[in-house]
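Structure assessment
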Amino acid sequence: QVELVESGGGLVQPGGSLRLSCAASGSIFSIADMGWYRQAPGEERELVATTTSGGIIHYADSVKGRFTVSRVNAKNTVYLQMNSLKPEDTAVYYCNAQIRMPFNSAWTSSWGQGTQVTVSS
């Protein structure tokens, strides 16, 4: 009923940039937080950046000053601009959104399928 579709991953050299996009579609009444998480091989999934519908933003310490999260509420879309990429940023990046569907008071945490980001020379 709700789908999150990510795009923009790929292979980039250290110091390079990538921009990830995530669009939510389907039966959506409202979206609260939207954001990005990542999971490297053998590691647990970790928060990268999130933004509320009102524009309050939180970043992981490891990406502060290098990554920028932004959101277009009218398009149910969230972006992640990643600059000065490092090899340790290599991971699968997942989009997440807290969604409320019509005629339902409950909030559901929805995930995208993930997009691979590889930083290597």
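A brief structural summary. Keep in mind that what you see is a predicted model, and the values were worked out from it rather than measured.

1. Points about the pattern of salt bridges
Applying the stated rule across the entire model yields 4 salt bridges. The shortest N-O distance in the salt bridge between Arg38 and Glu46 comes to 2.7 Å. Members of the salt-bridge network, linked through shared partners, are Arg38, Glu46, Arg66 and Asp89.

2. Here we look at the environment of Ala106
Tracing the backbone shows Ala106 in the loop between β9 (91–100) and β10 (107–111). When sequence neighbours within four positions are dropped, the list of residues in contact with Ala106 reads Ile99 and Arg100.

3. Regarding the pairing of strand β8 (residues 77–82)
Buried residues dominate β8, accounting for 5 of its 6 residues. Sheet topology places strand β3 (residues 18–26) next to β8; 6 bridges connect them, and they run antiparallel. The partner of Ala23 across the bridge, within β8, is Thr77. Judged from the 6 bridges that link them, strand β7 (residues 67–72) and β8 form a sheet pairing that is antiparallel. Each bridged residue has a counterpart across the sheet, and for Val72 the counterpart in β8 is Thr77. Adjacent in sequence and paired antiparallel, β7 and β8 are bridged by 4 residues, among which Asn76 carries a positive phi angle near 50°.

Quick notes on the rules
Residues numbered from 1 in each chain as written. Predicted model: local features only at pLDDT ≥ 70, side-chain atom pairs only at ≥ 80, totals over all residues. Heavy atoms only, no water. Salt bridge = Lys/Arg side-chain N within 4 Å of Asp/Glu carboxyl O. Helix = DSSP H or I, 4+ residues; strand = E, 2+ residues; numbered from the N terminus. Contact = heavy atoms within 4.5 Å. Buried < 20%, exposed > 50% of the residue type's maximum accessible area, 1.4 Å probe, protein only. Pairing = 2+ DSSP bridges.

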